[in-house]
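Chain and residue survey
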Amino acid sequence: MHLVILPVLLPLVAGSLLLLTAGLGDAARRAIGLAATLALLPLAVLLLDRVADGTHLVYALGDWAPPFGIVLVADRLAAVMLLLTAIVALASLVYAGAGDDTRGPQYHALFQFQLLGINGAFLTGDLFNLFVFFEVLLIASYALLLHGLGAQRVGAAMHVVVLNLIGSALFLFAVGTLYGVTGTLNLADLARVMPLLGPDTAPLARSGALLLLGVFALKAALLPLGFWLPRAYAAATGATAALFAVLTKVGVYAILRVYPLVFGPGAGEVANVAAAWVLPVALVTLAFGALGVLASRTLRTSAGWMVVYSVGTLLVAVGLFSEAGYAAAVYYTAHSTLASAALFLVSDLIARQRVVGGDRFEVVDSMPHGTVLGTLFFVTAVTIAGLPPLSGFVGKLLVLQAASAAPGAVVIWSVLLVAALVVIVAVARAGSALFWRTAAEAPGAPAPALDGRSVGAIAGLLACVVGLVAWGGAATSYAWSTARQLADPSGYVAAVLGSDASVHERRRSLR
Amino acid sequence: MEALVAIAIGVLTGSGVYLMLRARTFPVLLGLTLLSYAVNLFLFVSGRIVVASAPLTDKGLETYPDPIPQALVLTAIVIGFGMTALLVVLALRAIRDTGGDHVDGGER
C-alpha cells in the first residue's frame, strides 16, 4: 500500500539519521549509508514486479484526492529508473567506501539526500513537485560535487550552480504559465485539460511547454545548454560522477514523462509541441559529444563528453516520439546509465593508479595492475563504444531500427553511425595510449594497491551491463511494454483521476 | 493593476538578465536574486489578480484569490533563498580558492 513512497522515505530517514549521528565513526556511518542504499534494491525490484503487468500504482500524499493533492505514480518507466538508480547508487557508494567518502564532511548524508531527490523526481505525478524534487537533488549534487574541494572543483561548481539556478527560474516561469492557463499542475489532469484549450490560450500553453523543454534540456545537458557537464563531471570525485550519470537521465526522464503524456498527439492545439525540437538538437548534441570525446586529453574529460554523446543518442530515440523510439530509449537509458557510471569509476581508478600520468593520455609511466585495470577498461570501452556483443550495440541497433521508419532516416542514420565510428576511434586511442604505449623505465613512486571494493563496484556494474545482453529478450520486451504504456497515456490519466465524471463531481463540490 | 505587475516583472527580469551576463560573481548573484523575485511575482499572479478581497475566502464571497499560487510561491521563496545562500558561500569560497571573483575562477 505504502510501497510507492518508500523509495522516497527511506533515503530521507537514512539521510537525517546520518546527519544526527555525526559523532559515530566513519565505519558505522558508512554501514548505515550502505544498508539504506542496499535496501533500495529490493524495493525497486518489488515495485518493478508490481507494475510489470501494466498497473499504475498511485499514492495520494496525505490522502488528498487528485487533482487537488500531490500524487506519486509508479509505472513501468518510473520503476525501471528506480532500479537503475539503486544499482548505480550502490556501486558508487561501495566505490566511495574505499576512501573518497572521508575527504569531506557528511558525504553519506548528502548521498542519501541526492537519492531522495532522484527517486522523488522519478515517482512524482505533479509538475511543481517535480520542481521541488529537482531542487532537492540539485542542492545535494552541488555539495557532492564540491566534496573534497579544490580550486578546479569550486570553479566547475560555480558554473553548475549558476546555470541550474537560471534553469530553476525558467522552470518556475513555465510552471506559472501552465498553471495560469490550465489551473492545474497534476500531470494527469494537465493531460486531460490540454485538449480542451482554445486557440486563444493554446499559444501560452505552447510557450510554457517549450520553456519547460529548455529546462529539461539543460538538466539533460543537450546542446547548446550542455557545455557545463564535461568540466563539472571531470572535476567531481569518481564515485560522485558515477552517481551523476543518473542525474542527466533525470532530465531525459522528465522529457519522456511529460511530453508524451501532456503534450502528446491527443493534446489538441498543443499536440506534439516538442517534436520539432528534440530530434535536431539531439543530433547536434550527439555529433558534438563524439567530437568532444575525440578531443579530450584526459580519460575523465572524455568520460564527461561520453555522457553528452550518450544523452544525444538517447534523445534521438526519444525525439522520434514513436513507440519504437520510446522502447529504444528505455533500453538505451539502462545501458548508458550503467556504462557511463562504470566508465567514470574506471577512469577514476586509472587516474589514481598511474602515479605520474594520472588519466592523461601521455606516455609517462607503465600501467600498474595492467591485467585487472585493462580488463575493466576493455569491457567498459566495448560497451560504451557500442561494439558487439555488449549492450551498447543492442541499444544502438534499437535506436537505428526505430529511426528507420522516421522521415529523415538517412540523416539520423548517418549522424549516428559516423559519430559511433568517431567514438570507437577515440576510445581505441585512449586505451592504447594508457595501456600499450608505456614508457620502459619503471615509475618513480610505487602505485597504490588495488582496493577490492573499487574493483568490485566496477565489476558489479559491468555484470549488470552483461546481464542486459544475456537477458536481452526480457529487457527488450520490458522496454517495449514500457513504450506501449508511454504511447498511450489514457491508462495513466485514468489511474490517477479515475473516471472523468468523478473528477468533475469533485471539482463542482469544491467550488 | 495587471499592467503594473507585468511591467514590474519585466523590469526585474531584464535587470536580472543584464546582471547575470556580467563576469564577476557578485553581479551574477544579484542578477539571480532579481530573477527569482521576478519569478516569485510571476507565480503569484499566475492565479490571476484579485483586488480588495479576503486573502483566501469568506462567506458569500463571489471572487476570491486562488490559494495554490500562494502556496507555490512560498515554496519557491524558501528554495530560492536556500540556493542563493549556497551560491553566496560558494562565491566566497571561490575567491579564497581561486584568488579572484571572476566566474571562470581567478582574476581576469
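Residues numbered from 1 in each chain as written. Chains lettered and ligands numbered in written order. Predicted model: local features only at pLDDT ≥ 70, side-chain atom pairs only at ≥ 80, totals over all residues.

**Side note on the overall build of chain A**
- Scanning chain A from terminus to terminus reveals 20 helices and 2 strands.
- The C-alpha atoms of chain A give a radius of gyration of 22 Å, which matches the 24 Å a tight globule of 511 residues would have.
- Seen through its C-alpha atoms, chain A measures out along the principal axes to roughly 80 × 60 × 40 Å.
- The buried share among the 511 residues of chain A stands at 59%. (Helix = DSSP H or I, 4+ residues; strand = E, 2+ residues; numbered from the N terminus. Rg over C-alpha atoms; globule rule 2.2 N^0.38 Å. Buried ≥ 20, exposed ≤ 12 C-beta atoms within 10 Å, placed from the backbone.)

**Remarks on the overall build of chain B**
- Helices and strands together make up the secondary structure of chain B, namely 3 helices and 0 strands.
- For chain B, the sequential pattern of α-helices and β-strands runs α-α-α.
- A compact globule built from 108 residues would reach a C-alpha radius of gyration of about 13 Å, whereas chain B, at 18 Å, exceeds it by more than 25%.
- Referenced to the eigenvectors of the C-alpha coordinate spread, the extents of chain B come out at roughly 65 × 25 × 15 Å.
- Burial status across chain B gives 30% buried among its 108 residues.

**Observations concerning the interface of chain B and chain A**
- Counting from both sides, the interface comprises 26 residues of chain B and, opposite them, 20 residues of chain A.
- Broken down by secondary-structure element, the contributors of at least two residues to the side of chain B that touches chain A are α2 (25–45) and α3 (67–98) of chain B.
- With 14 residues, the single largest contributor to the side of chain B that touches chain A is α3 of chain B.
- Looking at the side of chain B that touches chain A residue by residue, the class counts come to 17 nonpolar, 6 polar and 3 charged. (Contact = placed C-beta atoms within 7 Å. Nonpolar A, V, L, I, M, F, W, Y, C, P; charged D, E, K, R; others polar.)

**Some words on the confidence of the model for chain B**
Residue and element names in this part refer to chain B.
- On average, residues of chain B carry a pLDDT of 87, and 96% of them reach 70 or more.
- α3 is the least confidently modelled element of chain B, averaging 88 in pLDDT, while helix α1 (residues 2–20) averages 94, the highest of any element.
- Prediction confidence for the complex, expressed as pTM and ipTM, is 0.92 and 0.93 respectively. (pLDDT = per-residue confidence, 0-100.)

**Things to note about the nonpolar core**
Residue and element names in this part refer to chain A.
- Val88, Ala242, Val316 and Ala342 are the most contacted members of the largest nonpolar core, which has 230 residues in total.
- Looking at which element gives the most residues to this core, the answer is helix α13 (residues 323–353), with 19 residues.
- Residues within four places of Val316 in sequence aside, it is in contact with Leu279, Ala282, Leu283, Leu286, Val399, Ala403, Ile412 and Leu416. (Core = buried A, V, L, I, M, F, W, Y, C linked by C-beta atoms within 7 Å.)

**A short note on the environment of Leu34 of chain A**
Residues and elements named next belong to chain A.
- If you trace the backbone, Leu34 turns up in helix α2 (residues 26–51).
- The class of Leu34 is partly exposed, set by 16 C-beta atoms lying within 10 Å.
- The sequence separation of Leu34 and Ala339 amounts to 305 residues, and the corresponding C-alpha distance is 22 Å.

**Thoughts on the packing of helix α5 (residues 127–146) of chain A against helix α10 (residues 238–262) of chain A**
Residues and elements named next belong to chain A.
- Remark: α5 packs on α10, axes separated minimally by 11 Å, with the N-to-C direction vectors making an angle of 160 degrees. Classified by the angle their axes make, α5 and α10 are roughly antiparallel. Two packed elements cross with a definite hand, and for α5 against α10 that hand is left-handed. When α5 is examined against α10, the residues Leu130, Leu137, Ser141, Leu144 and Leu145 are found in contact with a partner set consisting of Thr240, Phe244, Leu247, Val250 and Ala254.
- The residue makeup of the contact of α5 with α10, split by class, is 8 nonpolar, 2 polar and no charged. (Axes fitted to C-alpha atoms, helices over the stretch in contact; angles between N-to-C directions. Parallel < 35°, antiparallel > 145°, perpendicular 65-115°, else oblique. Left-handed = near helix turned anticlockwise from the far one by under 90°.)

**As for the environment of Thr375 of chain A**
- Note on placement: Thr375 of chain A falls in helix α14 (residues 370–385).
- In this structure, the C-alpha to C-alpha distance between Thr375 of chain A and Leu397 of chain A, residues 22 residues apart in sequence, is 25 Å.

**A closer look at unusual backbone geometry**
Residue and element names in this part refer to chain A.
- Note the cis peptide between Pro66 and Pro67, where omega equals 10 degrees.
- With respect to the helices, strands and loops of the structure, Pro67 is situated in the loop between β1 (57–60) and β2 (71–74).
- Leu223 connects to Pro224 through a cis peptide bond whose omega is 0 degrees.
- Here Pro224 is to be found in the loop between α8 (202–220) and α9 (228–235).

**Describing α3 of chain B**
- For α3 of chain B, with 32 residues, the first-to-last C-alpha span of 46 Å sits near the 46 Å given by 1.5 Å per residue.
- Inspection of α3 of chain B places Pro69, Leu72, Val73, Ala76, Ile79, Gly80, Met83, Leu87, Leu90, Ala91 and Ala94 of chain B among the buried residues, and these make up the whole buried set.
- Where α3 of chain B is buried, its residues touch α5 and α6 (151–182) of chain A together with α2 of chain B.
- Within two residues after α3 of chain B, Gly99 of chain B carries a phi angle of roughly 75 degrees, on the positive side. (Expected span 1.5 Å × (residues − 1).)

**Re the packing of α13 of chain A against helix α18 (residues 472–487) of chain A**
All names here are of chain A.
- Running from amino to carboxyl end, α13 crosses α18 at an angle of 130 degrees, the nearest separation of the two axes being 8 Å. The angle between α13 and α18 falls in the class oblique. The interaxial crossing formed by α13 with α18 has right-handed handedness. In this structure, α13 contributes Glu323, Tyr326, Ala327, Val330 and Tyr331 to the contact, and α18 contributes Ala475, Thr476, Ala479, Trp480, Thr482, Ala483, Arg484, Leu486 and Ala487.
- A class-by-class count of the residues in the contact of α13 with α18 yields 10 nonpolar, 2 polar and 2 charged.

**Considerations on the pairing of β2 of chain A**
Residues and elements named next belong to chain A.
- Judged by which residues are buried, β2 turns out to be covered on both faces: Val71 and Val73 on one side and Leu72 and Ala74 on the other are all buried.
- In terms of strand pairing, β1 meets β2 through 4 bridges, oriented antiparallel. Counterpart to Tyr59 in the pairing with β2 is Leu72. (Pairing = 2+ DSSP bridges.)

**Here we look at the environment of Ala79 of chain A**
Residue and element names in this part refer to chain A.
- By secondary structure assignment, the location of Ala79 is in helix α3 (residues 76–96).
- For the pair Ala79 and Leu421, spaced 342 residues apart in the sequence, the C-alpha separation amounts to 33 Å.
- In this structure Ala79 touches Ala44, Leu47, Leu48, Val51 and Ala74, once residues within four positions along its chain are discounted.

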